[in-house]
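Survey of secondary and tertiary structure
Chain residues, written in single-letter form:
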Amino acid sequence: MTTKKARKRAPAPRKPVTEPRERSGAYADFMAQAYTMELEAVQRYTEFAEQMEVHNNPEVAQLFRKLATIEGLHAKQILEEMGWSQAPGPAHAQQWEGGEPPESAPMSEVHYRMTPWHALELALDNELRAEKFFAAIAKSSRTPAEVRKLAAEMADEEAEHVRLVREWMKRVPRPDPDWNRDPDPPFLGD
Amino acid sequence: MNAPAAASALSAQAFKSEVKPVWCPGCGDFSVLSAITKALSMLELRPENVAIVSGIGCSSRIPAYTSCYGFHGVHGRALPVATGLKVARPDLTVLATGGDGDGYSIGGNHFLHACRRNADITYVVMDNHVYGMTKGQPSPTTEPAWPSKLSPQGTGLREFHPLVIALAAGANFIARGFSGDPNGVARLIVQAIRHPGFSFVEVLSPCVTFRPDQRSWKEMARPAAVEATDDPARAARRLMTDDGFNIGVLYTGKRKPYAPTATGAAQQPSALEKGFEL
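Note that the coordinates shown come from a computational prediction; the quantities given were computed from them, not determined experimentally. (Residues numbered from 1 in each chain as written. Chains lettered and ligands numbered in written order. Predicted model: local features only at pLDDT ≥ 70, side-chain atom pairs only at ≥ 80, totals over all residues.)

Details of the overall build of chain B
Each helix and strand counted, chain B has nine helices and ten strands in total. The C-alpha radius of gyration of chain B comes to 19 Å, within 12% of the 19 Å expected for a compact globule of 278 residues. Residue pairs in contact within chain B that sit at least 24 positions apart in sequence constitute 69% of those at least 6 positions apart. (Helix = DSSP H or I, 4+ residues; strand = E, 2+ residues; numbered from the N terminus. Rg over C-alpha atoms; globule rule 2.2 N^0.38 Å. Contact = placed C-beta atoms within 7 Å.)

Comments concerning the sheet that holds strand β3 (residues 93-99) of chain B
All names here are of chain B. Read across the open sheet, the eight strands follow the order β2-β1-β3-β4-β8-β7-β10-β9; overall the sheet is mixed. Single-partner strands in this sheet number two, and they are β2 (69-72) and β9 (222-223). One ladder, built from five bridges, connects strand β1 (residues 50-54) with β3; its direction is parallel. Residue pairing across strands places Ser 54 opposite Thr 97, the latter belonging to β3. (Pairing = 2+ DSSP bridges.)

What about the nonpolar core?
Grouped together as the largest cluster of nonpolar side chains are 69 residues, with contacts concentrated most on Ile 36, Tyr 123, Val 124, Ile 174, Ile 189 and Val 203 of chain B. Per-element accounting of this core gives the leading share, eight residues, to helix α1 (residues 29-42) of chain B. For Val 124 of chain B, the residues in contact, after removing those within four places along its chain, are Val 32, Ile 36, Leu 95, Thr 97, Ile 189, Val 201 and Val 203 of chain B. With 40 residues, the next largest nonpolar core counts Ile 78, Met 82, Leu 122 and Val 147 of chain A among its residues. (Core = buried A, V, L, I, M, F, W, Y, C linked by C-beta atoms within 7 Å. Buried ≥ 20, exposed ≤ 12 C-beta atoms within 10 Å, placed from the backbone.)

Observations regarding the pairing of strand β7 (residues 173-178) of chain B
Residues and elements named next belong to chain B. Burial within β7 is extensive, with six of its six residues counted as buried. Burial of β7 is two-sided: the residues Phe 173, Ala 175 and Gly 177 facing one way and the residues Ile 174, Arg 176 and Phe 178 facing the other way are all buried. Two strands pair when backbone bridges link them, and β7 and strand β8 (residues 199-204) are joined in this way by six bridges, in the parallel orientation. Its bridge partner being in β8, Phe 173 is matched across the sheet by Ser 199.

Observations concerning the pairing of β3 of chain B
Residues and elements named next belong to chain B. Taking burial as the measure, the seven residues of β3 include six buried ones, the bulk of the element. Sheet topology places β3 next to strand β4 (residues 122-127); five bridges connect them, and they run parallel. Bridge pairing in β4 links Gly 99 to Met 126.

Quick word on helix α5 (residues 145-170) of chain A
The α-helix winds at 3.6 residues per turn, so residues separated by three or four positions along the chain end up facing the same way. Over its 26 residues, α5 of chain A extends 38 Å from the first C-alpha to the last, a length consistent with the 38 Å expected when each residue adds 1.5 Å. Val 147, Leu 150, Ala 151, Met 154, Ala 155, Glu 158, His 161, Leu 164, Val 165 and Trp 168 of chain A are the residues of α5 of chain A that are buried. (Expected span 1.5 Å × (residues − 1).)

Observations concerning the confidence of the model for chain A
Residue and element names in this part refer to chain A. Per-chain confidence: chain A averages 87 in pLDDT, with 86% of residues scoring 70 or above. Averaged pLDDT values for the elements of chain A fall to 42 in helix α1 (residues 4-9) and rise to 97 in helix α4 (residues 116-139). Residue range residues 1-12 is modelled with pLDDT below 50. Its contacts to residues more than four positions away, or to other chains, number 21 contacts. (pLDDT = per-residue confidence, 0-100.)

Describing unusual backbone geometry
Residues and elements named next belong to chain B. The phi angle at Asn 118 is positive, at roughly 60 degrees, despite the residue not being glycine. Although it is not a glycine, Lys 135 adopts a positive phi angle of roughly 85 degrees. On the secondary structure map, Lys 135 appears in the loop between β5 (130-131) and β6 (137-138).

Regarding helix α4 (residues 108-117) of chain B
All names here are of chain B. Of all the residues in α4, the buried ones are His 110, Phe 111, Ala 114, Cys 115 and Arg 117. Take α4 and look down its axis: the buried residues cluster within an arc of 165 degrees, on one side only. A positive phi of about 60 degrees marks Asn 118, the residue just after α4. (Arc of directions from axis to C-beta.)

Rendered as structure tokens:
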């Protein structure tokens, strides 16, 4: 599995839209929300990796760990950019439309026999949701101008991630039609 | 810059143990574990001040997956153990956890009387309408027509209505959550723990292995249209006509929680034994 996405997502810190002294509370609040989004994605991918390890699917487990690392780098980048030494408040302080952050795939979307392609499909959905999330903020007239600008930049970054994941998926075998067929299923036999 | 101050509370992760869940990937119980740990973090509790008690079943494995005190007990007996613990150690935050089979069938009698006793505990039931651990037998909440290898025509039996039963038996707080919204479930558990007396949180938690049809629950679950009521008669009308997919706090009662009359030294086993001395 390539680490191209990891390299792309861990560049030098993004050039701040405004100088630190000019940043408003709304800017910090927005970055805190973006940080929480990345952190929750790390936790969700880690949970998926652990599930795959428990169910002896090491290839997908490794991929989920890689995705967690990538999101972790992005979270770290936000901390560095903002000059925060620790997490900016508890994760539950953030509210999300639909209940969960856009980069956290639903818990129900994994299967013990899933393939790397499925894991990337899930990552693609996450990136698409994230792009849509930031694009909506960038377009909202209620959003302060400096936050709109930053949100537009983040939407562009997510669009790039979408492209990279799609590229990644081209290099991974598509699953067989009966990928979830288990020769020794957990169901009671006839 | 208004960077939010870092909270002194422990993170949700701090309430998870090193033991990794063995549930099937996709199981709703992962979300409930996440919700419980988030709720404990939101309440700024410490693992050493929380006890989680369970019975038997997939969902009853939860105590092992947390860093809190835990008791993985006898099938259906989580509630009497949790009640006893709360009475003996009122300083602890006590949660009981389990599934629909454990809570409504094997432990059905204890469920009734735990509601009636109204000790200050929180009971979280992960309801998947099936016995998952033992390979998919119909449970008390299984729909009468659900066909399975063991009941090809369905059981033909009317399903148990836990929220109505809880209200009738005296539960002081009744809520329903959906595992597809773990943050929403976390907020319900926070409210349940804060509410005095017996708090009952039923969480619709799909079994992806034996009830793949429950994937449709994410389209069916929706926020309850009306606010919680403290009027039992009104709550009864609502719950009797409920289709099982209204999410939120549905009833907040005002009964005083049970507290033992004997306290301190009089509560010690040695003091009780004196009454039986010959």
